[in-house]
Amino acid sequence: MFSLPRPPHGTRRRTVTALGVLGAALALTATTVGGATAAPRPDRDRVTVEPGEAYMGAGTRVHEGAPAGEPSPGVLAPTDGVQGIDVSHWQGAINWTSVRGSGIQFAWMKATEGTGYKDPRFNTNYPAAHAAGVIRGAYHFALPNASGGATQANYFATNGGGWSRDNLTLPGVLDIEHNPYGAMCYGLSTTQMRTWINDFYTAYKARTSRDVVIYTTASWWNTCTGNWTGMSAKSPLWVAHWTSASAPALPSGFPTWTVWQYTSTGSVGGVAGDVDRNKFNGSRDRLLALANNT
């Protein structure tokens, strides 16, 4: 679904001009929006990502670029329904009170990657979102070529991916997408990838009692798992499809979506710069049911 050519560098919102991009990027200074301090953002059109830099959608952007159909920078639509965001250290300091005041009801934040990386802002974001009344959760950026699924699930559960029934904590997320560091499917066959995902799911559920949420794209899932239908009855689907269409394209086997990441260039009070925006497929009561496993 992201098969359109990568747009020219600079078509996405930046604080640098087309001339002297490298020098300007090196000299980039922090700004503030809604009480949030802007950190240097990853260049989402470049073709390399350093270890630990991955964020939701990083692999898709590296391999396929931003689709021409993605909403314009700063877009807020579709703002109907239950709205959320996802963040990592790239968003810098976040004013979670302002985020909640902007109508954001939920947020997932990066906790871990592989078995050797912890997001440096997770321990600040996680309790701060909770204190502001944002229903929060953690996500793990999967590296299936680095270690087994069970190993990474346990690392995630130990380092932020746990769960408690406190009316404000969502189950953890397995971010499984295009490999931003190399081959799209991490060098695994479709059978090996299915086993890896199932091992992650089983270990995470044993640790937390919860079904892990799967974040992916239709293109990656269909290619790298071979149109696998084996997770559709076990894991809620968080689908990434950056488009202004009224509904996302779904991976094979999933009859519907639970969360839809509809743009990577959203704007939210309390967050400086672009932020991924998401929509929950249901009412706030259903979101709380997901959080509380009811």
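Structural data are supplied above this passage.
Nothing here was measured: the structure is a model prediction, and the numbers come from that model. (Residues numbered from 1 in each chain as written. Predicted model: local features only at pLDDT ≥ 70, side-chain atom pairs only at ≥ 80, totals over all residues. Heavy atoms only, no water.)

Participant: Before we move on, can you summarise the nonpolar core with the specific residues and values?
Facilitator: Ile85, Trp96, Phe106, Ile176, Ile197 and Trp221 are the most contacted members of the largest nonpolar core, which totals 72 residues. The element best represented in this core is helix H6 (residues 190–208), accounting for seven residues. Excluding residues within four positions of it along the chain, Ile85 makes contact with Trp96, Val99, Ile104, Phe106, Ala107, Trp108, Val268, Val271, Val275, Asp276, Arg277 and Asn278. (Core = buried A, V, L, I, M, F, W, Y, C linked by side-chain atoms within 4.5 Å. Buried < 20%, exposed > 50% of the residue type's maximum accessible area, 1.4 Å probe, protein only. Helix = DSSP H or I, 4+ residues; strand = E, 2+ residues; numbered from the N terminus. Contact = heavy atoms within 4.5 Å.)

Participant: Outline the packing of aromatic side chains, supporting the account with residue identities and numerical values.
Facilitator: Enumeration over the complete set of coordinates arrives at 12 aromatic pairs. With a centroid separation of 4.7 Å and an interplanar angle of 35°, the aromatic rings of Trp108 and Trp238 are classed as tilted. Of this pair, Trp108 sits in strand E4 (residues 104–113) while Trp238 sits in strand E9 (residues 237–240), placing them 130 residues apart in sequence. Classification of Trp108 as buried rests on a relative accessible area of 1%. Assessed through its relative accessible area of 0%, Trp238 is described here as buried. Geometrically, the ring pair formed by Trp196 and Phe200 is stacked, given 5.7 Å between the ring centres and 25° between the ring planes. In this pair, Trp196 and Phe200 are both assigned in helix H6, four residues apart and thus about one turn of the helix distant. (Phe/Tyr/Trp six-rings, centres within 6.5 Å; stacked < 30°, edge-to-face > 60°.)

Participant: Describe in detail the side chain of Thr112, supporting the description with residues and values.
Facilitator: Relative to the helices and strands, Thr112 resides in strand E4. By relative accessible area, Thr112 is classed as buried at 0%. Within the structure, the side chain of Thr112 is placed 2.7 Å from the side chain of His140, a separation counted as a polar contact. Leaving out residues up to four positions away in the same chain, Thr112 has contacts with Tyr117, Tyr139, His140, Phe141, Tyr155, Phe156 and Asn159. (Polar contact = N/O pair within 3.5 Å; in protein donor to acceptor, adjacent residues only side chain to side chain.)

Participant: Describe the pattern of salt bridges, and please don't skip the residues or the numbers.
Facilitator: Applying the stated criterion across every chain yields a total of four salt bridges. Among the salt bridges present, the one from Glu113 reaches Lys110, with a minimum N-O distance of 2.6 Å. For Lys110, a relative accessible area of 1% translates into the label buried. A salt bridge links Asp166 to Arg136, with the shortest nitrogen-to-oxygen separation between them at 3.7 Å. Highlighted residues: Asp166 in the loop between helix H5 (149–158) and strand E7 (173–175) and Arg136 in strand E6 (residues 135–141), separated in sequence by 30 residues. (Salt bridge = Lys/Arg side-chain N within 4 Å of Asp/Glu carboxyl O.)

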